[in-house]
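Coordinates in review
Chain residues, written in single-letter form:
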Amino acid sequence: RKVFFPENSFVNSLQRIEMLESHSMCLPNLLPGLYNIVPKAWISEWRLFLRDCSVKRLPLLDVSSILCSAHGSPVIPSSFDLWVRGIVSRMDKKDCTFAVVSVEEWDILNETYGPCDLGVRFCFHPDQETIEWNLKKCMKCDLSQEPKDFMRNASRKSGKML
């Protein structure tokens, strides 16, 4: 059941040295290109499914857990853009609920374990500054808040009790 995915999308040590020699200020964690994001919970279940033959079923690939239930847009922490561009070296685990996969990996996952009606995709441009999303990111929701806290804070701002 194992599927091989090329890992050439991530910047390796030799590429980092080459970038340093070309006097880049920051070393990006991803090479310029197209990527999708997949919920970390689903990726964990998928990995268990591949390793453990006693696991008979895997839920369909679904990205709805990445979407804001109030607005329907992907919730992407602001630190994610900094991580992609290499300004920060790590993402806070509580802030990042998804994993990055290449477009080729997404296509294989979607074909094998989907179909998934919606893909959340971004393009990291060759200028190593611009990150463009296929869906508008939710700018109102904060990942560090529980949904009930978000609703409570929203009601305070609007003056209405929810």
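Residues numbered from 1 in each chain as written. Predicted model: local features only at pLDDT ≥ 70, side-chain atom pairs only at ≥ 80, totals over all residues. Heavy atoms only, no water.

Let's talk about the overall build of the protein
What the protein contains, in helices and strands, is five helices and four strands. Mapped from its N terminus to its C terminus, the protein presents α and β elements in the order α-β-α-α-β-α-β-β-α. In the protein, of all internal contacts separated by at least 6 residues, the share reaching a separation of at least 24 is 63%. Taken as a whole, the protein presents about 10500 Å² of accessible surface, with 54% of it coming from carbon and sulfur. (Helix = DSSP H or I, 4+ residues; strand = E, 2+ residues; numbered from the N terminus. Contact = heavy atoms within 4.5 Å. Areas by Shrake-Rupley, 256 points an atom, 1.4 Å probe, with all protein chains shown as cover.)

A closer look at the nonpolar core
The biggest cluster of nonpolar side chains holds 34 residues, and the ones touching the most others in it are Ile 37, Trp 42, Phe 80 and Phe 122. For this core, the elements supplying multiple residues, two or more each, are β1 (33–39), α2 (40–51), α3 (78–85), β2 (98–102), α4 (103–113), β3 (120–124) and β4 (131–133). With near-sequence residues (within four places) excluded, Phe 80 lies in contact with Met 91, Phe 98, Val 100, Phe 122 and Trp 133. (Core = buried A, V, L, I, M, F, W, Y, C linked by side-chain atoms within 4.5 Å. Buried < 20%, exposed > 50% of the residue type's maximum accessible area, 1.4 Å probe, protein only.)

A word on the pattern of salt bridges
Oppositely charged side chains can pair when the atoms bearing their charge come close. This structure, assessed with the given rule, holds two salt bridges. Its salt-bridge partner being Glu 129, residue Arg 85 comes within 3.7 Å of it at the nearest N-O pair. Taken together, the positions of Arg 85 in helix α3 and Glu 129 in the loop between β3 and β4 put the pair 44 residues apart, joining distant regions of the chain. (Salt bridge = Lys/Arg side-chain N within 4 Å of Asp/Glu carboxyl O.)

Re the packing of aromatic side chains
In the structure shown here, the tally under the stated rule is nine aromatic pairs. For the pair Phe 80 and Phe 122, a centre-to-centre distance of 5.4 Å together with 90° between the ring planes defines the contact as edge-to-face. With Phe 80 in helix α3 and Phe 122 in strand β3, this residue pair connects regions lying 42 residues apart in the sequence. The exposure classification of Phe 80 matches that of Phe 122, with both residues buried. When the centroid spacing of 4.8 Å and the interplanar angle of 40° are considered together, the rings of Phe 122 and Trp 133 count as tilted. Pair noted here: Phe 122 is in strand β3 and Trp 133 is in strand β4, with a separation of eleven residues, a long-range link. Of the two residues, Phe 122 and Trp 133, both sit in the buried class. (Phe/Tyr/Trp six-rings, centres within 6.5 Å; stacked < 30°, edge-to-face > 60°.)

Description of α4
Among all positions in α4, only Val 103, Glu 105, Trp 106, Leu 109 and Tyr 113 are buried. Each buried residue of α4 lies within a common arc of 155° when the element is viewed along its axis, so the set occupies one face. Exposed residues on α4 whose side chains face more than 90 degrees from its buried face are Glu 104 and Glu 111. Close packing links the buried residues of α4 with β1, α2, β2 and β3. (Arc of directions from axis to C-beta.)

Some words on α3
Phe 80, Asp 81, Trp 83, Val 84 and Arg 85 are the residues of α3 that are buried. Close packing links the buried residues of α3 with β2, β3 and β4. Gly 86 lies just past α3 and shows a positive phi near 85°.

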